[in-house]
Amino acid sequence: MEKLTIRDIARMAGVSTTAVSFVLNGRAGVSEATRQRVQAIINETGFTPNIHTRRLNLKRSFTVHVVLRQYDFSLFNLFAMDVLTGIFRESKSLGYSVIFTSVENEAECSELMDAIHGKEADGVIFIQVFHEKVVQLLQAEQFPFLCVDCHVPRDGTVPLLEVDYYDAAYRAVRYLAQKGHRDIGFLISDRHAQFHRQTNAGFDDALRDSCVPCRPQWLQRVIHNIPQPATNAMEKMLSGPSRPTAVFCASDTYAANAIRYVTKLGLRAPEDISFIGLDDLVISEYTRPAITTMGVDKVRMGRLAMETLYRMMNGQPFEPIQLMSTTLIERDSVRTIPGGT
């Protein structure tokens, strides 16, 4: 049986090929009755339009570029990998292909802009990377793009999809306080100023609202340009005369490395020191003890990113700043101290 074409679907539905094209691409311009009739025929026949025909008819590439840092192309960044899973799933359902790229030097920036000028991309998603020059070029050309977990100010100048890290930090520390902990440390990321400000503000406000003192000795930055950064920060935290009973870690990877370090010292987690992480990376389930964490639905984040970009590419309304909440996932790394608040 020969593959059906848009013309065949139009003939079966008694409408023009333009009307079928509008239905396929979710565009206005046809009545609801026509849309339903055409969609019913598409569903019955299992029709999928030829991608080359769609590109020619609609003058689109049906391709989006996803911009990552170079190391994120490996499994090093588990957060980005889960976001990409969501983008892939949603892009497939919307009929789009995905191309990876990076913008770490002038040549790569030029390649991305050449692809855009050559009509080889319909939109761009940045994941955890923000290149100001490229963003300015995209804004000047009014080209659809979205920044996902890029840790930039929420001032409305760029479209953002972010995690509410202030709320995540606040609720993590409140949880520790409710478990009876009054000696709480914090492993803070040094990578992004915006992320640092949000998590630090949430940490401070939760201590204040829980009437728990803040001890500077137990606030340690994880400095990434040195070997074993989380282990180094945990070593500094424990170098004083007293130690915290619980630590909030700004990443599950920090928590996993901190647990490994204290275990080598002969301390027990959570009996001697409890830990709560952030992100719910896959490693948090397999660390011993399994890590209690503030979970981010990263696959949903990827799907929402692609949905938002699709709306932008089609001139539909969208929310310029979207914040995703986190969910407390209780596992085994936090103990309860009798007499909790």
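In this text the structure is predicted, and so the values were computed from the model without any measurement.

Trainee: Describe the packing of helix α2 (residues 17–24) against helix α3 (residues 32–45), listing the residues and the values that go with them.
Mentor: Between α2 and α3, the shortest axis-to-axis distance is 10 Å and the interhelical angle comes to 80°. In terms of orientation, α2 and α3 fall into the roughly perpendicular class. Residues Val20, Phe22, Val23 and Leu24 of α2 pack against Arg35, Val38, Gln39 and Ile42 of α3. Class assignment of the residues belonging to the contact of α2 with α3 gives a composition of six nonpolar, one polar and one charged.

Trainee: Can you lay out the nonpolar core for me, pointing to particular residues and giving the numbers?
Mentor: One finds Ile125, Ile127, Leu187, Met234, Phe248 and Phe275 to be the most contacted residues of the largest nonpolar core, which totals 74 residues. Beyond its immediate chain neighbours, meaning those up to four positions away, Leu187 contacts Gln220, Val222, Ala233, Met234, Met237, Val247, Phe248, Cys249, Ala250, Tyr254 and Ala258. Ala121, Val129, Phe143 and Leu160 belong to the second-largest nonpolar core, a separate cluster that totals 20 residues.

Trainee: Which residues make up the packing of helix α1 (residues 6–13) against α2, and what are the values?
Mentor: It is the contact of α1 with α2, at a shortest axis distance of 8 Å, that shows an interaxial angle of 105°. On the basis of their axis angle, the class for α1 and α2 is roughly perpendicular. Along the contact surface, α1 presents Ile6, Arg7, Ile9 and Ala10, while α2 presents Thr17, Val20 and Leu24.

Trainee: So what about the pairing of strand β9 (residues 274–279)? Which residues, and what values?
Mentor: On a regular strand, each side chain points to the face opposite its neighbour's, so the side chains alternate between the two faces of the sheet. Within β9, six of the six residues are buried, which leaves it mostly tucked inside the rest of the structure. Between the parallel pair strand β8 (residues 246–249) and β9, the chain is carried across by helix α11 (residues 252–264), and the sense of this crossover is right-handed. Bridge count between β9 and strand β10 (residues 292–295): four bridges; the pairing is parallel. Paired with Gly277 across the two strands is Thr293, which belongs to β10.

Trainee: Lay out the sheet that holds β8 with the relevant residues and their values.
Mentor: Taken in spatial order, the six strands make up an open sheet running β7-β6-β8-β9-β10-β12, and their pairing is mixed. The strands lining the two open edges of the sheet, one partner per strand, are β7 (219–222) and β12 (327–329). Ignoring which end each strand starts from, the neighbouring axes of this sheet average 20° apart. Both β10 and β12 contribute to a ladder of three bridges, which runs antiparallel.

Trainee: Break down helix α8 (residues 165–178) for me, citing the residues and quoting the values.
Mentor: Think of an α-helix as 3.6 residues a turn; residues three or four steps apart then line up on the same face. Taking 1.5 Å per residue, 14 residues should reach 20 Å; α8 reaches 20 Å between its end C-alpha atoms and fits that length. Turning to α8, its buried residues number three or more, namely Tyr165, Ala168, Ala169, Tyr170, Ala172, Val173, Tyr175, Leu176 and Ala177. Two residues or fewer past α8, Gly180 is found with a positive phi of approximately 100°.

Definitions and limits used
- Residues numbered from 1 in each chain as written.
- Predicted model: local features only at pLDDT ≥ 70, side-chain atom pairs only at ≥ 80, totals over all residues.
- Heavy atoms only, no water.
- Axes fitted to C-alpha atoms, helices over the stretch in contact; angles between N-to-C directions.
- Helix = DSSP H or I, 4+ residues; strand = E, 2+ residues; numbered from the N terminus.
- Parallel < 35°, antiparallel > 145°, perpendicular 65-115°, else oblique.
- Contact = heavy atoms within 4.5 Å.
- Nonpolar A, V, L, I, M, F, W, Y, C, P; charged D, E, K, R; others polar.
- Core = buried A, V, L, I, M, F, W, Y, C linked by side-chain atoms within 4.5 Å.
- Buried < 20%, exposed > 50% of the residue type's maximum accessible area, 1.4 Å probe, protein only.
- Right-handed = clockwise from strand over helix to strand, strands pointing away.
- Pairing = 2+ DSSP bridges.
- Expected span 1.5 Å × (residues − 1).

Functional significance is not addressed by these values, which are geometric in nature.
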